[in-house]
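An overview of the molecular structure
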Amino acid sequence: MSSWLGGLGSGLGQSLGQVAGSLASLTGQISNFTKDMLMEGTEDVPADLPNSGREENEATHSVLRSENERLKKLYTDLEEKHEASELQIKQQSSSYRSQLQQKEEEINHLKARQIALQDELLRLQSTTQPVHPESGRVPAATASPPFSYSVSHHVSAFHEDDMDFGDVISSQREINRLSNEVSRLESELGHWRHIAEVRGTQSSDQTEICKLQNIIKELKQNRSQEIDDHQHEMSVLQNAHQQKLTEISRRHREELRDYEERIEELENLLQQGGSGVTVTDHSKMYDMQNTIQILQMEKVESAKKIEELEDKMKEIYKRLSSAEHDRAVWKREQEQLEVEKRQMTEQYAENEIMRLSSLNQDNSLAEDNQKLQMCVQILEKEKSLLSQEKEELQISLSKLSNEYEVIKSTATRDIDLLSQVRDLKLNLEVKEQELNQSIHENEILTAELEELDKQNQEATKHVILIKDQLSKQQSEGDSTIKKLKEDLNDEKQRSHHLEDDKMNIIKELDLQKEKLTHSEQALSDLQLTKQKLEDKVEDLVDQLNKSEKNNFSIQKENQELREHIRQNEEELSTVRSELIRSQTQDSNSQLKDDLLQEREAEVRNLKQSLSEIEQLNEHLKQVAFDLRTENEKLVVACEDVRNQLEESIAGNNQVSLEKTAMLETLRWEKEQLETELCGAEKRLLEEANKYKQTIEELSSARSLSTSALQLEHEHLIQLSQEKDSEISGLKKSIEQMATDHQQMKETLSSSLEEQKRLTQLINEKEICIVKLKEKSSELQEELDKCAEALRKNETLRQTIEEKDRSLGSMKEENNHLQEELERLREQQSRAVPVPEPRTLDSTTELESELSRLHIIKDHLEEEIKHHQKMIEDQNQNKMQLLQSLQEQKKEMDEFRYQHEQMNITHSQLFLEKDEEIKNLQKTIEQIKAQLHEERRDIPTENSDIFQETKVQSLSIENESEKHDLSKAETERLVKGIKERELEIKLLNEKNISLTKQIDQLSKDEVGKLTQIIQQKDLEIQALHARISSASCSQDVVYLQQQLHAYAMEREKVMVVLSEKTRENSQLKTEYHKMIDIISAKEAALIKLQDENKKMSTRFESSGQDMFKETIQNLSRIIREKDIEIDALSQKCQTLLTVLQTSGTGSEVGGVNSNQFEELLQERDKLKQQVKKMEEWKQQVMTTVQNMQHESAQLQEELHQLQAQVLVDSDNNSKLQVDYTGLIQSYEQNETKLKNFGQELAQVQHSIGQLCNTKDLLLGKLDIMSPQLSCGSSLTTQSGEPLKTSQSTGPCESSQLLQQEVDDLRRSLQEKDAMIKTLQENNHRLSESIAASSEAGRREHEQTDSEMKQLKEKQEALQNLLKEKDLLIKAKSDQLHSSNENFTNKVNENELLRQAVTNLKERILILEMDISKLKGENEKIVETSRGKETEYQALQETNMKFSMMLREKEFECHSMREKALAFEQLLKEKEQGKAGELNQLLNAVKSMQEKTVTFQQERDQVMLALKQKQMENSTLQNEVQHLRDKESRLNQELQRLRDHLLESEDSHTREALAAEDREAKLRKKVTVLEEKLVSSSNAMENASHQASVQVESLQEQLNMVSKQRDETALQLSVSQEQVKQYALSLANLQMVLEHFQQEEKAMYSAELEKQNQLLTEWKKKAENLEGKVLSLQERLDEANAALDSASRLTEQLDLKEEQIEELKKQNALHEEMLDDAQKKLMNLVSSTEGKVDKVLMRNLFIGHFHIPKNQRHEVLRLMGSILGVKREEMDQLFAEDQGGVTRWMTGWLGGGSKSVPNTPLRPNQQSVFNSSFSELFVKFLETESHPSAPPPKLSVHDLKPLDSPGRRKVDASIPGSSKDTAEPRAGRRTDLSPFLAPRSAAVPLMNPAGHGPGGPGHLLLKPISDVLPTFTPLPVSPDNSAGLVLKDLLKQ
């Protein structure tokens, strides 16, 4: 499965990798596009192109991006699936491993049981043989059942982690096989018991049939268990599959939501795009079209990839179908196999039953038993095979199902995605059509607007005439307004009271929530305490159960022991009677007495054990009593905890009841308010009806005059205007009240919902607690049952074990009795035949006892069977209880999971509420911000310009003051940041000033509006209806925004949920792992509960805080609005009083009309002033824009000038740097040439010298090889320093030097070979000297002269070699120095490169920061645009509302005019002028109808005007925005250019710094060269001395000529480098020409000068080269002469000193050799056949001081010292004691003549009390450490006083001689401790200068040949003396 998933993941990874590649290319192209856009700068070609094309491009671009994102999501999903599958596989493997361990334990138990049963079978068979002597005829094959089972199949305990499912299956098979074998053995046991019971009857057939039936039942049970296990595994797999499906569906939904949101955004973009046509850049459009083409290409590629994926899908479907087909076939085969298996089992069972019924005899029964066993084994094998096949089939099925599901999911996803893409394309086309329609409609609307403008002008003229007529209707409106105001005040007071009540209720709610949280915490604490107490109770119960079990087992043991004692007593009585009888008969009664004694001892032991058991029983009873008392205490504590829980639940219920009561009161108050509102509405309706009735009554009466009517009409018009203003103000106040009321309703509903949810949560928690209590009680009951069952099981097991033991003891007793019987029979047969009847009686009695015992045994076996059945039943019960426990655990886990989900939902609700409140606050703030942003004035832009100029000047100053590279960059960045901060501060100050101005303007306007507003309130019903209809649009917009916010929040919550689900899945896996360890799981669950509770409390507390804050903020807003309403109402009241006072008399009416006319005039004036202000503002704006353009142009010019200046300075600096660089490069080349010439001359000279010396050495060696004898050993001294000096040769020199060194090494190796041959000759000669010492002495005198000659020649050669070594060393040092200089330069170059790369990285980082800042600015701009659009929408809605208000005001005016007219008609009716009134009323009606029509037309015109104004403002804003964008882009371009220039400056400065460093280094090189010149001058002074050896150097002139050619080649190379430098100069000139074209003439002149300089420098270089060559020749000659002179003198001195030293050494060596030879000869003659006297004396004395048991050790030691073999010593010890005396006499007989006495140490004087071994060890220690140090006879100690140059010789001696001298002292410790004095006496080492095989002297031979030695004994203080002796004896 994992491999298949891995393959699928890899395939998808490849396809997604291709997609990622295409994405990378796309991103690269986009980045290139952005760079091109930035580089283009101000080259903008405006073209009148529509927005629709660009929007289409953007839409296609977004679609492609969404597709790319979808593919990325697919890839991440597949990765997550792969991880999940791996986790599941790990879980399954861990569970299988745990199962394997359990199964292995079961196997071990079953094997143990099998072995025990086999033992029982063997015992039973042995008992049946003596009981039935007839059965002795039965062959042995029947007696021994076939136990052919071997334990070799046992599965070894696995230690590896990588366990396959095959191992699990094999272990399961083995468990099944072992269980079957156990059942088979049990059946055999039963069979043999029945044979023992009834031998002649035929009842055994039935028992065997029963056994077979039991076997069949067991097989069926096993099969059912296996089926259950497989079903369980299938269910687990299905659960995992369901989880995967849920995750996939969730992700699919999320993707759908994302697509829907994207579609909505596109729709919004299309709608915004349809509003206006903007001007776009042609270049941008062209680039966009290019990007669209690229995207289309990529789209085609993606379509191809989709087709490929579809093909793959088809292939996968084919595979799926084939897999399903295979699955069906497998299922059929499995069913067939199961059917066959059942048939086979039934047939076998029937066959065996038939056979058993037919068979009756014993022999046949045994054979049938064997056949049955064979059949059972065959059945088991078949069953195991079938189970294997079944498991394999299930595994293959699971794999196929997984593959099928994965393929299905992928196919469905691909199909859904394709369908979505098509739908999106269709939606795009529809949107484009709608755009075209909207553009067409826009054009039609513009035409209609122009017509409406004309109509509006006409309507305004007509309205001015009607306003004069409508001033008479004021008086009646005043009274109604007063009443309505009073009602309003009352309602306001009520609303205040309600708000206070609401605040109190909210506070109470918060308190109750806090109480709830506290109660929940208390509940959780109580639950924890309860769980702990329950755990304690369970532990105590377990302890009680264990103690009771122990008590029960002890009582049973007591009973059994008593029975056993009784039986023993009975047996004793019988045995005693038999003994009494046999005593009279037999003489041999001692055996029976022994038996009696043994039995009595057993009885005593049993009595003692009984007493001990009784004591234990009493102790256990006490423990049980203590446990019961503790249990009672714990039960009391549990009851207290339960009472506390009940109290807490009751408290929670009370809290919930109080909350419900509060909710009911709130609802009741709400209903009252609603009833009051309905009453107010009814009153208004009644008043309206009354007015209508009055109008109808007035219409009947027409009697007033026309003149009075006209005057009153004008008065009414004025009044109606005032009333209109009042009505509008009241409408606004009503709207505010309505909005506040709606907010209050929303908050109340949200609080109610929260309370409901809390109550639901509390109820659910209570239900959960009740369920948990019930489950805990059930679990406790089940645990009690389990404990009882376990107790019974344990008691039964104990009884069975005891009975098994008793059986074994009985069998042993039976065997003993049988043996006794046989003995008695034998005795009887031997004894006299008189007492036969007595023996017969005894045998009969014994037989009767045996029969009784058999009966008892049968009873016991029956009891064992019964107990086994009981055990099986209890095991089944146990399994059922375990299953129930697991189910309950699963339920508990589900409840906990539900609880966690509830907590999560609760927290999510709180978060949603908080976000709603935040959104409301944000909307309020946005509205405020939009009001402030509406009227931005001119000073901001002016200040902007001034700031920009200041900032630019600052930046210029900063640029001029840069010094270092990194410092300059950091300072620039810091200054840029400071400038940005200053700009932000200035903008904030401008905003504050603007807001103040806007506030002042708004205050003035509000004052005017408040005078107009608060007058009218008659037609509230109609207003309510229209306001509700109008407010719907506002609500819709607001709701849409909320919907978007909620969708975003929901996505976030879903993401959190997905993370939580992943965490849950991980926790589940951990839970599955920890199933076996229940206690650990409970602890983990408790911890999780605590954490959940903490989280819930945190969420609740946070949610409550946010809720409180929001409620407080809302209450503050409401209070502020109330204060504003009160202020406005007071102003209205004052205005009304003024109007009433003015309108009392008839004359005062005229004054009112005059006042109104004045007010109107003032308003017109104000309007004109406002228009003037707007015009002035526009003029200022235009001027400011012109100023901006001019400033931008000036800044550009400034920047250009600065750039030119910088370029000039850079070019000058670069030219200077190039000039200096060229000069330095020429100087370097010259110095390099000089150095190379000197080195070459030196190398040639050294090569010539080496060749000469080599020839000389070879010639001398050829001469010397036949003559060399002893003295050639000294050549090693000169050879080894050569090697050491050779090894320290140059390693990193040029190829020529390496070749020369290799040649020298080869010559040295040849010389080494020659020296080795000479050394071998020397060894041979030394051996011949040792053989004939006298002849050697004579020859020695002759060889001395030869040695001297050879030494002289050798010294000459050594001097030559040393001189050459010195030469090589000097040249290697020079090479090292040159190499070090080169490496230093390379390192400096690398450092400079690293600095350059670091600076580039810094620049890249800064550019990235700039791009990020740009992106943030763009985001801010987009948000501001969105806010502007919202603000425009709000303005439009406000306009609509104002139009509606005006219409309603006109309607009110008309109604009031009608009322006034009717009142006047009534008055005139009283006077009697009805006809005229009727005429006037008709005229008024016609006029009113006309006014209504005119009002409607005016409203339409006003709306159209407002819309046009809005559109104009939006267009102006867009134009300003585009201009701002252009200015910003220009600024960014300029800044980027400046940045580029600065970066170039930094690069040039870095290059200058690098060149300065190079110049310093070159100066150092020149100083060194000067030093070299001075040394060469010194050498020239010394060259006069070396004029003799000029002839020898003429041969080397050829080599010099070759080197001259090489230097010429190097010169050509350097000239090529010069040419390259010239090329680089030309390139630099090209770059300079590109940057500055104006100053070409200046730079060309400078270049010509430089070319002339170059030619001059070339001439100088050529002259210098000639000089260099001449100087080199002179230097070479001088160096050669000096070197040869100095070497000759040194060689002569050294050789003289060496000759003297060698002579002295030779004399010393000869003396040493003579002395050593003499001493050796004396020693050899004296020590032959002698033993150390002191040693033997100490051993002899020690022998007498040692105990007699250990004396043979001493004797053996003496024998080993004297050379006696071990076998001879054993023979001596084997003889009599006289042998020792013989040995003693023999030992004392031979005395040593000349043995050096080793004096005893003070430690060793009289220590005779200790053992011999200790004394011997001490003796060895004393002997190993000599008293006086031995004399050292080395060469270094024998220096004469007259040798002054001894130190030099020592220094010149090679390492080999020193090494041989140094280990002389240390070698002594390695020798045997017994030879300490002997080794001290004579130094047996070869002298310095001889090799390992030195001359053939006796002293130079190995010690073991001459003297007896002991191996060294490292004696540690911890080891005993005996061990040391043993080791010695072994040696």
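In this convention, every chain numbers its residues from 1, walking through the sequence in written order. With the structure being a predicted model, the display of local features is reserved for residues of pLDDT at least 70 and the display and counting of side-chain atom pairs for 80 or more, all residues being used for whole-chain, interface and lining totals. Heavy atoms from the whole structure form the basis of all side-chain values; hydrogens and water molecules are not counted.

Aromatic pairs are defined between Phe, Tyr and Trp rings, using the six-membered ring for Trp, whenever the two ring centres lie within 6.5 Å; interplanar angles under 30 degrees are classed as stacked, those over 60 as edge-to-face, and all others as tilted. Taken as a whole and judged by the stated rule, the model has one aromatic pair. Of note, K1660 hangs over the ring of W1657, and the distance from its end group to the ring centre comes to 4.2 Å. In this scheme, Lys NZ or Arg CZ marks a charge over a ring once it lies within 6 Å of the ring centre and within 35 degrees of the ring normal.

Okay, the packing of helix α23 (residues 1733-1745) against helix α24 (residues 1751-1762) next. For any two helices packed against each other, the geometry is given by the interaxial angle and the distance between the axes. A fitted line through C-alpha atoms serves as each axis, taken over the contacting stretch for helices, and the angle formed by two N-to-C directions is quoted from 0 to 180°. To qualify as a helix, a DSSP run of H or I must reach at least 4 residues; to qualify as a strand, a run of E must reach at least 2; elements of each kind are numbered from the N terminus. Contact pair α23 / α24: the axes reach a minimum separation of 9 Å and the direction vectors enclose 165°. When the interaxial angle is binned, α23 and α24 end up roughly antiparallel. Between α23 and α24 lies a crossing of left-handed hand. When α23 is examined against α24, the residues L1735, M1736, L1739, F1740, H1743 and F1744 are found in contact with a partner set consisting of R1751, V1754, L1755, L1757, M1758, I1761 and L1762. When residues are sorted by character, Ala, Val, Leu, Ile, Met, Phe, Trp, Tyr, Cys and Pro go into the nonpolar class, Asp, Glu, Lys and Arg into the charged class, and all the rest, Gly among them, into the polar class. Residue composition of the contact of α23 with α24, grouped by class: 11 nonpolar, one polar and one charged. Here is the rule for angles: anything less than 35 degrees is roughly parallel, anything more than 145 is roughly antiparallel, 65 through 115 is roughly perpendicular, and the remaining ranges are oblique. Left-handed describes a crossing whose near helix is turned anticlockwise from the far helix by less than a right angle; the clockwise case is right-handed. Any pair of residues with heavy atoms lying within 4.5 Å of one another is described as a contacting pair.

This brings us to the side chain of E1300. Its location among the elements puts E1300 in helix α18 (residues 1295-1331). At 6.2 Å, K1371 is the nearest oppositely charged side chain to E1300, a buried residue that forms no salt bridge. Partly exposed residues are those whose accessible area sits between 20% and 50% of the maximum for their type, while under 20% is buried and over 50% is exposed, using a 1.4 Å probe and protein chains only. A positive count includes Lys and Arg, and a negative count includes Asp and Glu. His and the chain ends are not counted in either. Between Lys or Arg on one side and Asp or Glu on the other, a salt bridge is scored when a side-chain nitrogen of the former is within 4 Å of a carboxyl oxygen of the latter.

This part is about the confidence of the model for the protein. The pLDDT score gives, residue by residue, the confidence of the prediction method on a 0 to 100 scale. In this model, the protein carries an average pLDDT of 77, and 78% of its residues clear a pLDDT of 70 or more. A low-confidence stretch, residues 1145-1151 stays under pLDDT 50, and its non-local contacts, those more than four residues away or across chains, total three contacts. Predicted confidence is poor over residues 1776-1808, with pLDDT under 50, and the contacts of this stretch with residues over four places away or in other chains come to 37 contacts.

Looking now at the pattern of salt bridges. One pass over the full model with this rule turns up 33 salt bridges. E181 is paired through a salt bridge with R184; the nearest N and O atoms lie 3.6 Å apart. Of this pair, E181 and R184 both sit in helix α4 (residues 165-197), three residues apart, which is roughly one turn of that helix. Taken as a pair, E181 and R184 share a single burial class, namely buried. In this structure, E861 and R193 form a salt bridge, with 3.6 Å as the shortest nitrogen-oxygen distance. Placement of the pair is E861 in helix α11 (residues 836-934) and R193 in helix α4, with a sequence separation of 668 residues. Of the residues examined, E861 reaches a relative accessible area of 3% and is grouped as buried. One salt-bridge network, in which partners are shared between bridges, spans D77, E80, E247, R251 and R1062.

Now for a negative patch on the surface. What makes a patch is a set of residues exposed beyond 30% relative accessible area and free of salt bridges, joined within 9 Å when like-charged and within 5 Å when nonpolar (Val, Leu, Ile, Met, Phe, Trp, Tyr). To be clear on the numbers: accessible area is Shrake-Rupley with a 1.4 Å probe, and residue cover counts the displayed protein chains and nothing else. Every charge is mapped to an atom, namely NZ of Lys, CZ of Arg, CG of Asp or CD of Glu. Where like charges cluster on the molecular surface, the negative patch consists of E486, D487, D490, E491, E686 and E687. Those elements giving two or more residues to the negative patch turn out to be α8 (474-585) and α9 (590-700). A total of four residues in the negative patch trace back to one element, the largest contributor, which is α8. Residue placement: D487 occurs in helix α8. A relative accessible area of 35% places D487 in the partly exposed class.

Among the structural elements, E380 can be located in helix α7 (residues 362-469). Note on E380: relative accessible area 9%, which makes it buried. With near-sequence residues (within four places) excluded, E380 lies in contact with N180 and E181.

Our next topic: the nonpolar core. Think of a nonpolar core as a cluster: buried Ala, Val, Leu, Ile, Met, Phe, Trp, Tyr and Cys residues, connected wherever their side-chain atoms sit within 4.5 Å. Counting 12 residues, the largest nonpolar core is built from I107, L110, L117, L121, L124, I175, L178, V182, L185, L189, W192 and I195. Sorting the residues of this core by element identifies α2 (51-131) and α4 as the ones contributing at least two each. Element by element, the count of residues in this core is highest for α4, at seven residues. In contact with L124, other than residues within four places in its own chain, are L189, R193, K811, K857 and E861. If you look at the next biggest cluster of nonpolar residues, it comprises 11 residues, including L1739, L1757, F1819 and L1820.

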